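Each chain is listed here by its residues.
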Amino acid sequence: MNTDISLQISTLHDQHGHWPQADSVEDFRRNLAAVHARIAAACQRVGRDPTGVRLLPVSKTKPEAILRLAYAADCRFLGENKSQEAYRKWEAMTDLTDLRWSVIGHLQTNKAKLVARFAAEFQALDSLRVAEALERRLQAEGRGLDVLVQVNTSGEASKYGLPPDEVAAFLRELPAFSALRVRGFMTLALLSVEAARVRSCFVQLRELRDRLRQEAPDGIGLNELSMGMSGDYEIAVEEGATIVRVGQAIFGARATPDAYYWPSAGDGEMD
Ligand SMILES: *Cc1c(COP(=O)(O)O)cnc(C)c1O
């Protein structure tokens, strides 16, 4: 949008790997307040109401004791990329009855039964096979699940998600899965230092949503746009994100490289 923002974003990327570890409730309160303030400032720049943006703290790789500190700092919804890790944490923390879990990473059909058992939300739906597997397991559990369709807006073969031009046909199949409550779209932007290229991924997702909203089948909601992570959530908010998925800026840097979550992510793009 302007050079101030690209400067701000490269500053955030420069911090990659330097986010301090949060290891007290106060650390979490401070980090959450800082992210909320940046979300509010981004909203103000474009005339949005900050209550229209949900901050989803992403706790992957962090141990249970640390997640409990985040809970004590009022986190009631946590995002995890891997279904087995999420399931393990959920099992260990069932005493926190109002803590909800969002699975935000690619799912293999043989793990659908885990997600169907505990998750409140699944953000990475990108195939009918996974939709079928989830539906069957959810029916067996007597549960429903909020889902987002993951769209590949970066054009990188290494990223999961449907190509934008396949999304309309995919949505037409989804009313058959009554346990899946479709809420909108999720995307991962390019991991680039160039704010303009990151922004164009977010713009693409919003425009796709605006276009498909007209023709979406009954019962398919497209209000949610989950986009933006620690390095780029302010751009995402400016472009209409209703959910931002923020890990490292809240929990501290991760030792695990992003390539573990989306194979060979950012090759030639990483700063
Ligand atoms: C890890 C992860 C995030 C958060 O990334 P950070 O850099 O920790 O903010 C967002 N979305 C997905 C799908 C993730 O796996």
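Residues numbered from 1 in each chain as written. Predicted model: local features only at pLDDT ≥ 70, side-chain atom pairs only at ≥ 80, totals over all residues. Heavy atoms only, no water.

**Student:** Is there a simple way to think about the side chain of E135 in this case?
**Tutor:** Residue placement: E135 occurs in helix α6 (residues 128–141). Although E135 lies buried, it forms no salt bridge, and the closest oppositely charged side chain, R136, sits 9.9 Å away as judged by the N-O distance. When neighbours within four sequence positions are excluded, E135 is seen to be in contact with F177, S178, A179 and L180. (Helix = DSSP H or I, 4+ residues; strand = E, 2+ residues; numbered from the N terminus. Buried < 20%, exposed > 50% of the residue type's maximum accessible area, 1.4 Å probe, protein only. Lys, Arg positive; Asp, Glu negative; His and termini not counted. Salt bridge = Lys/Arg side-chain N within 4 Å of Asp/Glu carboxyl O. Contact = heavy atoms within 4.5 Å.)

**Student:** Whenever I open this one, the pattern of salt bridges confuses me. Can you help?
**Tutor:** Close approach of charged atoms lets side chains of opposite charge pair. If you walk through the whole model with that rule in mind, you get 19 salt bridges. Measuring nitrogen to oxygen at the nearest pair gives 2.6 Å for the salt bridge that ties E238 to R45. Of this pair, E238 sits in helix α9 (residues 233–238) while R45 sits in helix α2 (residues 25–46), and the two are 193 residues apart along the sequence. The class for R45 is partly exposed, based on a relative accessible area of 36%. Between R54 and E121 there is a salt bridge, and its shortest N-O distance comes to 2.6 Å. One end of the pair, R54, is in strand β1 (residues 54–57); the other, E121, is in strand β4 (residues 121–125), and 67 residues separate them in sequence. One connected set of salt bridges, linked through shared partners, spans R45, R199, R206, E238 and E239.

**Student:** Would you mind going over the site of the ligand with me for this structure?
**Tutor:** K60, N81, S230, Q248 and R254 are the nearest of the 13 residues found near the ligand. Residue K60 places a side-chain N or O atom 2.7 Å away from an oxygen atom belonging to the ligand. Taken by itself the ligand offers 380 Å² of open surface, and the protein chains cover 98% of this. Here the residues of the shell around the ligand sort into 6 nonpolar, 4 polar and 3 charged. (Near = heavy atom within 4 Å. Polar contact = N/O pair within 3.5 Å; in protein donor to acceptor, adjacent residues only side chain to side chain. Areas by Shrake-Rupley, 256 points an atom, 1.4 Å probe, with all protein chains shown as cover. Nonpolar A, V, L, I, M, F, W, Y, C, P; charged D, E, K, R; others polar.)

**Student:** I tried to follow the environment of V130 on my own but got confused; where do I start?
**Tutor:** Mapped onto the secondary structure, V130 falls in helix α6. In this structure the C-alpha to C-alpha distance between V130 and L107, which are 23 residues apart in sequence, comes to 7.2 Å. Leave out the neighbours within four places in its chain, and V130 touches L107, T109, F122 and L125.

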